[in-house]
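Inside the fold
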Amino acid sequence: MGKNKIKVKVMAAMSGGVDSSVAAYLLKKSGYEVTGVTMCLGISDNEKNLENPGQNIISKCCGMDSIKDAADVCSLLGINHYVYDFSVHMQEFIIKPFIESYLKGRTPNPCIECNRFLKFGILLEKAKVLGFDYIATGHYAGIVKVNGLPFLARALDRKKDQSYFLYSIMKKNLGNIIFPLHKLTKQEVRKIACDIGLKISDKKDSQEICFITNDNYRDFIKESKVKGKNITGKIIDTSGRILGEHHGVFNYTIGQRKGIGISASYPLYVQEINIAKNLVVVGSRSYLEKRRLIARDANLFVDKLPACAKAKIRYNHEEASCRIAVTDNDSLEVTFEQPQSAISPGQSIVFYKDDIVLGGAVISDCIH
Amino acid sequence: MKKIYLDNAATTRTDPEALKAMIQYFSGIYGNPSSIHSFGQEAKNAMEHSRFIAADFINASPEEIIFTGSGTESDNLAIKGVAYANGFRKTHIITSAIEHHAVLESCHNLEQSGFKISYIPVDSYGFVKLDDIKKAISKNTLLISIMHANNEIGTIQPVEEIGKIARENDIYYHMDAVQTFGHINIDVDKIGVDLLSASAHKLYGPKGVGLLYKRKGVKISPIITGGSQEYKLRASTENVPGIVGFGKAIELSKILIENEIAVQTRLRDKFIKGVNENIKNAFLNGHPARRLPNNINFSFDFIEGEGILMGLDMEGIAASTGSACSSGIMEPSYVIKAIGRNSVLARGSVRFSLGRFNTEDEIDFALKTLIKLVKRLRKISPLIK
């Protein structure tokens, strides 16, 4: 004893996919003492297969097959692997609020909530309690030091950058996180996976929400919540004219064009969802463009947001310049220089300065 | 770091003496027991010696012992074997809700062939109710299969009463004794059992060997065919080294069993007392006294078993849990649920199973570590409202 240098302990959250597997490998290679952990979220692969007979099964994270994949990778890497049963937490903190949000006419982002409550919430706390120094994931993002303090940063590969989903991490936890894929491209990651002989190196990327079995969140909500209830309401245009009937507000998201079911001389887009009156408001594309929004539940990495910054209002949104004002009740009022299309309550706005994430908040309203 | 193995119900370390006995049967005495030359005869003698030891251990005759490949195989052979041999004249089986999967799935298989299965529920300690068994019996009942002691919660069933009921009604009684064989005394006549399954690796023997006791006169059909080994009931060249190791393990158990029961019962009760006194909302699963001497199983409210397991493992302590995600099963332990615990408690169940090689210091250290760990994990549990 005493001769061995005490290794830094890292808990690698592993979904069984390529990214987190390579992340774990890279950590091990760098000399960390790595332990793999997979969150069991109570998602059954078998049901998926039954629901989609004959269809291509997109490999999703955190099902039973993925747990086995993660275990196989750990065994290949020669590290311990554990599975945590998070199915109860998943229901309580992610799936229930997801459904509630849609029923309130919002467009939730469960991945952000999962990062907030599960991966960088309960799992990270657990890692600390169990004596780990760091938790690591396969996200494309980075932790960089600015004036000696850790900040969340964008991935070098802008196309894959997932920092948007990670703004909900608590500031105090940034110092306990490693993102080993910070400076790698997806191609490079796949190549590493292939070089070290990971079976899963050509596994497809997970795209959709992991707990939705057939990639249709509408069916999911219908099944879980509103079965048998009469939820139909009116579809109106921006001038208040009734155009038709809808089958539940949760079927619509702001900016949606397909599936409205009303023919008009110009393309119709969902403009607004009025939950109090059970109305869906539609109109032409130009109405979708708005400049101002209110956001709440801010999580910030800086003490004070600057008056001007760049912001993204959804993952695929091209960041835009905006002015930020903090209102009395701690919510943020954001005004974009240029109007932005389809600002959706329930989604998050994330603020950037260059490659650094300043923080973010959940959009609660948009204003003309 | 010192490693402490408290998962002896999953498997045990092969006793060095058993291993020593086995070694010479790989490259030294390697004949096939079915061969008539001296190589074969030597191997056969060794095997028959083990059969004699096994029979003697449970008050049976050697020709009532069939060596198999595992406890699971023995369960399959007993249940399916009896059903097939009976030619489906009687097609009803009574079992319990907390049997091992080897029994439950054998029953499910027969269900698909037209059998009716009665799954007797258990009370909050895990005991089957004798009245429920009696009520389930019909003229069509062929077999009662109820385990000696449960692998998860350690509850010891009233097997003598079950045996009596079976005899009175002219029904076969199969007892899965995988958890008890070598750990508590078994007398097949006293219990009145017709078929009994056991496995070597649960009593410090090697993996890959089991046995089925089959009372003289009980008819079963083989499920593995293709040779006349084991009274034509289990075709396969016998696993001679394994069977020798099994025999040696039984010999050792016979010598040590009384002492082990006394030592383990004391350590078990000390551990249970320690948990009860130091951890709030910890629920002992199974009966406090009528349980396996080496079994401790607690449900800890607000935290799931795998977190505890990992924390213990990091301190070098090996235990097991009723939360089964890592083994590819979604649902938490059906046994813990069958005794009336909710899903959260079933997921929060942890089993410590003591063994021959554990010391009191180890048990003390495990207890101390567990108390600290549960407190720390509870601090961060979002399930505490």
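Computed from a prediction, not measured in an experiment: that's the story for all the values here.

As a further point, take the overall build of chain B. If you tally the helices and strands in chain B, you get 13 helices and 13 strands. Radius of gyration (C-alpha) of chain B: 21 Å, near the 21 Å computed for a compact globule of 385 residues. Counting only C-alpha atoms, chain B reaches 70 × 50 × 35 Å along its principal axes. Burial statistics for chain B: of 385 residues in total, 51% are counted as buried. Pairs at least 24 residues apart make up 72% of the contacts formed inside chain B by residues separated by at least 6 positions.

Counting its secondary structure elements, chain A contains 8 helices and 17 strands. Scored against the burial criterion, the 368 residues of chain A give a buried share of 45%. The contacts in chain A between residues at least 6 apart in sequence include a share of 64% that link residues at least 24 apart.

Take the environment of serine 331 of chain A next. Residues and elements named next belong to chain A. Secondary-structure assignment places serine 331 in the loop between β14 (320–326) and β15 (332–341). Assessed through the 18 C-beta atoms surrounding it within 10 Å, serine 331 is described here as partly exposed. Between the C-alpha atoms of serine 331 and alanine 298, which are 33 residues apart in sequence, the distance is 7.3 Å.

What follows concerns the nonpolar core. Formed by 133 residues in total, the largest nonpolar core has its most connected members in Val10, Ala12, Ala24, Leu27, Ile135 and Ala136 of chain A. Here the element with the most residues in this core is helix α5 (residues 110–129) of chain A; it accounts for 9 residues. Those residues in contact with alanine 24 of chain A that lie beyond four places of it in its chain are Ala12, Met14, Val34, Gly36, Val73, Leu77 and Ile79 of chain A. Within the second largest apolar cluster, 79 residues are counted, among which are Val122, Leu195, Leu196 and Ala338 of chain B.

Turning next to the domain arrangement of chain A. Residue and element names in this part refer to chain A. Per the domain assignment, the segments of chain A are domain 1 (9–202), domain 2 (234–283) and domain 3 (288–367). Between the C-alpha centres of domain 1 and domain 2 there is a distance of 37 Å. Facing the 5 residues of domain 1 at the interface are 6 residues of domain 2.

Attention now goes to the domain arrangement of chain B. Interfaces are frequently sized by the accessible area removed from exposure as the parts join. Residue and element names in this part refer to chain B. As assigned here, chain B comprises domain 1 (4–11 + 257–379) and domain 2 (16–252). On a C-alpha basis, the centroid separation for the pair domain 1 and domain 2 is 27 Å. If you look at the interface, domain 1 gives 23 residues, while domain 2 gives 24 residues. At the level of elements, α9 (240–278), β10 (295–300) and α11 (334–338) are the ones that each hand at least two residues to the side of domain 1 that touches domain 2.

This brings us to unusual backbone geometry. The backbone of alanine 342 of chain A shows a phi angle near 55 degrees, a positive value even though the residue is not glycine. The class for alanine 342 of chain A is buried, based on 21 C-beta atoms found within 10 Å.

Glancing now at the sheet that holds strand β9 (residues 282–284) of chain B. All names here are of chain B. Spatial strand order, β9-β10-β13-β12: 4 strands in an open sheet with antiparallel pairing. Only two strands of the sheet have a single neighbouring strand rather than two, namely β9 and β12 (320–321). The pairing of β9 with β10 spans 3 bridges and is antiparallel. Bridging from a neighbouring strand, leucine 284 pairs with phenylalanine 298 of β10.

What follows deals with the packing of helix α2 (residues 38–57) of chain B against α9 of chain B. All names here are of chain B. Axis separation between α2 and α9 bottoms out at 9 Å; the angle between their running directions is 35 degrees. For the pair α2 and α9, the crossing hand works out as left-handed. The residues of α9 that touch α2, namely those facing Ala43, Ala46, Met47, His49, Ser50, Ile53, Ala54 and Phe57, are Val240, Ile243, Val244, Phe246, Gly247, Ile250, Glu251 and Lys254. Partitioning the contact of α2 with α9 into residue classes produces 11 nonpolar, 3 polar and 2 charged.

Residues and elements named next belong to chain B. One way to put it is that helix α3 (residues 71–85) packs onto helix α4 (residues 101–112) with a least axis distance of 9 Å and a crossing angle of 30 degrees. Accordingly, the angle class assigned to the pair α3 and α4 is roughly parallel. Viewed along their axes, α3 and α4 form a crossing whose handedness is right-handed. Of the residues in α4, those touching α3 at Gly71, Thr72, Asp75, Asn76, Ile79, Lys80 and Ala83 are Ala102, Val103, Ser106, Cys107, Asn109 and Leu110. By residue class, the composition of the contact of α3 with α4 is 6 nonpolar, 5 polar and 2 charged.

Here chain A averages 86 in pLDDT, while 89% of its residues score no lower than 70. Predicted confidence is poor over residues 45–61 of chain A, with pLDDT under 50, and the contacts of this stretch with residues over four places away or in other chains come to 24 contacts.

Residues and elements named next belong to chain B. The buried fraction of strand β3 (residues 92–96) is high, at 4 of 5 residues. Where β3 lies against strand β4 (residues 116–120), 5 bridges are found, and the strand directions are parallel. Residue pairing across strands places serine 96 opposite isoleucine 120, the latter belonging to β4. Handedness of the β3-α4-β4 crossover: right-handed.

Moving on, we get to the environment of lysine 119 of chain A. All names here are of chain A. Relative to the elements of secondary structure, lysine 119 occurs in helix α5. Lysine 119 sits 30 residues away from leucine 149 along the chain, and the two C-alpha atoms are 22 Å apart. If sequence neighbours within four positions are ignored, lysine 119 has contacts with Ala13, Cys114 and Thr137.

What follows concerns the environment of lysine 20 of chain B. The residue lysine 20 of chain B is located in helix α1 (residues 16–27) in this model. Note on lysine 20 of chain B: 12 C-beta atoms within 10 Å, which makes it exposed.

Relative to β14 of chain A, strand β13 (residues 308–312) of chain A runs antiparallel, the two being bridged by 4 bridges. Bridge pairing in β14 of chain A places alanine 309 of chain A opposite cysteine 322 of chain A.

Take the sheet that holds β3 of chain B next. Residue and element names in this part refer to chain B. Strand order in this open sheet of 7 strands is β2-β8-β7-β6-β5-β3-β4, and the pairing throughout is mixed. The outermost strands of the open sheet, each flanked by one partner alone, are β2 (65–68) and β4. For this sheet, the mean inter-axis angle between neighbouring strands, taken without regard to orientation, is 20 degrees. Its contacts with the sheet put α3 on β2, β5 (141–145), β6 (172–176), β7 (195–199) and β8 (210–214), and the angle it makes with β7 is roughly 160 degrees.

Cut-offs used in this document
- Residues numbered from 1 in each chain as written.
- Chains lettered and ligands numbered in written order.
- Predicted model: local features only at pLDDT ≥ 70, side-chain atom pairs only at ≥ 80, totals over all residues.
- Helix = DSSP H or I, 4+ residues; strand = E, 2+ residues; numbered from the N terminus.
- Rg over C-alpha atoms; globule rule 2.2 N^0.38 Å.
- Buried ≥ 20, exposed ≤ 12 C-beta atoms within 10 Å, placed from the backbone.
- Contact = placed C-beta atoms within 7 Å.
- Core = buried A, V, L, I, M, F, W, Y, C linked by C-beta atoms within 7 Å.
- Domains from an automatic or database assignment.
- Pairing = 2+ DSSP bridges.
- Axes fitted to C-alpha atoms, helices over the stretch in contact; angles between N-to-C directions.
- Left-handed = near helix turned anticlockwise from the far one by under 90°.
- Nonpolar A, V, L, I, M, F, W, Y, C, P; charged D, E, K, R; others polar.
- Parallel < 35°, antiparallel > 145°, perpendicular 65-115°, else oblique.
- pLDDT = per-residue confidence, 0-100.
- Right-handed = clockwise from strand over helix to strand, strands pointing away.

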